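Tertiary structure, described
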Amino acid sequence: MAYHSFLLEPISCHAWNKDRTQIALCPNNHDVHIYKKEGNGWTKTQVLKEHNGQVTGIDWAPESNRIVTCGTDRNAYVWTLKGDVWKPTLVILRINRAARCVKWSPKENKFAVGSGSRLISVCYFEQENDWWVCKHIKKPIRSTILCLDWHPNNILLAAGSCDFKCRIFSAYIKEVEEKPAPTPWGSKMPFGEVMFESTGTAGWVHGVCFSESGNRVAWASHDSTVAVAEGGKTAVITSLSSETLPLLCVTFITENSLVAAGHDCYPALFVYDGEKGTLTFGGKLDVPKQSAQKGLTARERFQNLDKKATSDTKEAVLESLHKNSISQISILQGGKAKCAKFCTTGMDGGMAIWDVKTLESAMKDLKIV
Amino acid sequence: MSKNTVSDRFRKVDVDEYDENKFVDEEDGGENQLGPDEAEVDSLIRQGNLMGALQAVLKNPPINTKNQNVKDRAEGLVLKVLSSFKASDIEKGVQSLDKNGVDLLMKYIYKGFERPSENSSAILLQWHEKALSAGGVGCIVRVLTARKTV
């Protein structure tokens, strides 16, 4: 488990390049910093200054090596590397509230931006005008879109929103792609069609993720629940009410296992059993340092009783690796089917890289299926 | 100039009512929810079957109804059952509930905190402690984020 503290400010969002040697992150201000791995440390190589508001989403396209950023200034920029310098191209999103999240599609010919204007802007490049154009998905979204994830077929888009629903939309743009083949989520996919809408959640949907095959979608909600839906004639939703604080981000690491993290500052494993239709808590993925058990003197015990009304030896110090909420989780190696390494960044300004094999061996009952 | 400084009725207009983008919760038919059965719960308490009374009073929660009376009656009934438990039995009572039951119990506990009577807070706090160890903070988060509650 490697932990690197980048700064004291929260990391608003981050994105990795293809070979994981560079990370682009926003240190809670208007800029994007790019760090390069040098030996065991990270050096800041570039600062991308263009946004007029906090950068809320960054995504780095692995194949075409383009970065897309979006911010509270209602704009998105696509950055392309010219020599050694990143040059921005403005994308007009036609939104009148802040942009909240952005994701490149798997084929990298479009990207989607979720915003506070209660709509999703799906942007694609128009060759004739040499310009990024966007189309809006509005109905039936009733509130801010907090998170997005693309289906591997480059057409379906899952969106989690503040109106307590997780939906799967079709973002089929006929100008850039062919008609898609039918999927478990449906066969007719005109632009903006709602293929799936969740029921039963009572909190804002903070994180959403498709599985590698695209047949399952998982979301984490503010009412401390995690849910998985399986596509089919009628989608089957399985949810789990957790005993922890709400989770902010979720990702599949195999077809059946999810890792989610949030305000409890540690990643947790959840296992989904498709046949039995159950979602269970697999374990805490944090390995706290075993602090020596200091015996309490009678004086300390009395002081504790006086100050805190308890004679517990537990200190008020977080034992987890991250010292503040984890806001984003990304897969480093292995993809969503056989993840070997994943990375978490949080409000403590730190980034932790977790190795799945090490975690499996460290925790005895952990089984990643 | 003096004409429009006379009336300040415009200040009492609720502008949110005219907002066409206003979020309206889905209406879940709650007209048939009558809350827990008073007679059943009372008889179970009289028989001394407190576990049964707890299960019975947590049935049919008036979550979706807009009728405030039904909600108040349900809350009063729950409080009656919770007060009749012996302190040492509270833990067993909580253990006998499933996950949804613990969530529902926590909702009633917080509802009870809203309007404290003589001894209710102390009893509710004892129940709160046991429910917290069974349901964790997630349980409390669900009380806070629930759009429709008891």
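Chain B is annotated in an unreviewed UniProt entry as Actin-related protein 2/3 complex subunit 5 from Pygocentrus nattereri. The heading Function (unreviewed entry) in the UniProt record of chain B holds the text "Functions as component of the Arp2/3 complex which is involved in regulation of actin polymerization and together with an activating nucleation-promoting factor (NPF) mediates the formation of branched actin networks. Arp2/3 complex plays a critical role in the control of cell morphogenesis via the modulation of cell polarity development." The heading Subcellular location (unreviewed entry) in the UniProt record of chain B holds the text "Cytoplasm, Cytoskeleton".

An unreviewed UniProt entry lists chain A under the name Actin-related protein 2/3 complex subunit, with Pygocentrus nattereri given as the organism. Taken verbatim from the UniProt record of chain A, the Sequence similarities (unreviewed entry) comment is "Belongs to the WD repeat ARPC1 family."

It is worth spelling out the overall build of chain B at this point. Along its length, chain B carries 6 helices and 0 strands. Starting at the N terminus and ending at the C terminus, chain B contains elements arranged as α-α-α-α-α-α. Here the C-alpha radius of gyration of chain B, 20 Å, is well above what a compact globule of 150 residues would show, namely 15 Å. Oriented by its inertia axes, the alpha-carbon framework of chain B measures out at about 75 × 30 × 30 Å. For chain B, the share of sequence-separated contacts (at least 6 apart) that also reach a separation of at least 24 residues comes to 75%. Approximately 9,500 Å² of chain B is accessible, and the part contributed by carbon and sulfur atoms is 50%.

With that settled, the discussion passes to the pairing of strand β27 (residues 341-346) of chain A. Residue and element names in this part refer to chain A. Extensive coverage of β27 is indicated by the burial of 5 of its 6 residues. As paired strands, strand β26 (residues 326-333) and β27 are joined by 6 bridges and run antiparallel to one another. Directly across from Ile331, in β27, lies its bridge partner Phe342. Pairing of β27 with strand β28 (residues 350-355) involves 5 bridges; the strand directions are antiparallel. If you follow Thr345 over to β28, its bridge partner there is Met351.

Attention now moves to the pattern of salt bridges. Counted under the stated rule, the structure contains 17 salt bridges over all chains. One salt bridge connects A:Asp149 with A:Lys103, and the closest N-O pair in it is separated by 3.9 Å. In this pair, A:Asp149 sits in strand β14 (residues 145-150) while A:Lys103 sits in strand β10 (residues 99-104), placing the two residues 46 residues apart along the sequence. Among the ionic pairs, B:Glu40 bridges to B:Lys59, the shortest N-O distance being 3.8 Å. Here B:Lys59 lies in the loop between α2 (50-57) and α3 (68-83) and B:Glu40 lies in helix α1 (residues 38-47), a separation of 19 residues in the sequence. A residue is classified by how much of its surface remains accessible, and B:Lys59, at 45% relative accessible area, is partly exposed. The network of salt bridges with shared partners includes A:Lys103, A:Asp149 and A:Lys336.

Taken together, the contacts link 17 residues of chain B with 17 residues of chain A. Here chain B packs against chain A, burying approximately 1,300 Å² in sum over the two surfaces, 52% of which is carbon and sulfur. Run the count over chain B and chain A and you get 6 residue pairs in polar contact (both at pLDDT 80 or more). Going through the elements one at a time, α5 (99-114) and α6 (120-145) of chain B are the ones with two or more residues in the side of chain B that touches chain A. No other element matches α6(B), which puts 8 residues into the side of chain B that touches chain A. Considering only residue class, the side of chain B that touches chain A consists of 5 nonpolar, 5 polar and 7 charged.

Conventions adopted
- Residues numbered from 1 in each chain as written.
- Chains lettered and ligands numbered in written order.
- Predicted model: local features only at pLDDT ≥ 70, side-chain atom pairs only at ≥ 80, totals over all residues.
- Heavy atoms only, no water.
- UniProt positions renumbered as here; feature names shortened; annotations may be inferred.
- Helix = DSSP H or I, 4+ residues; strand = E, 2+ residues; numbered from the N terminus.
- Rg over C-alpha atoms; globule rule 2.2 N^0.38 Å.
- Contact = heavy atoms within 4.5 Å.
- Areas by Shrake-Rupley, 256 points an atom, 1.4 Å probe, with all protein chains shown as cover.
- Buried < 20%, exposed > 50% of the residue type's maximum accessible area, 1.4 Å probe, protein only.
- Pairing = 2+ DSSP bridges.
- Salt bridge = Lys/Arg side-chain N within 4 Å of Asp/Glu carboxyl O.
- Buried area = accessible area lost by both parts, 1.4 Å probe.
- Polar contact = N/O pair within 3.5 Å; in protein donor to acceptor, adjacent residues only side chain to side chain.
- Nonpolar A, V, L, I, M, F, W, Y, C, P; charged D, E, K, R; others polar.

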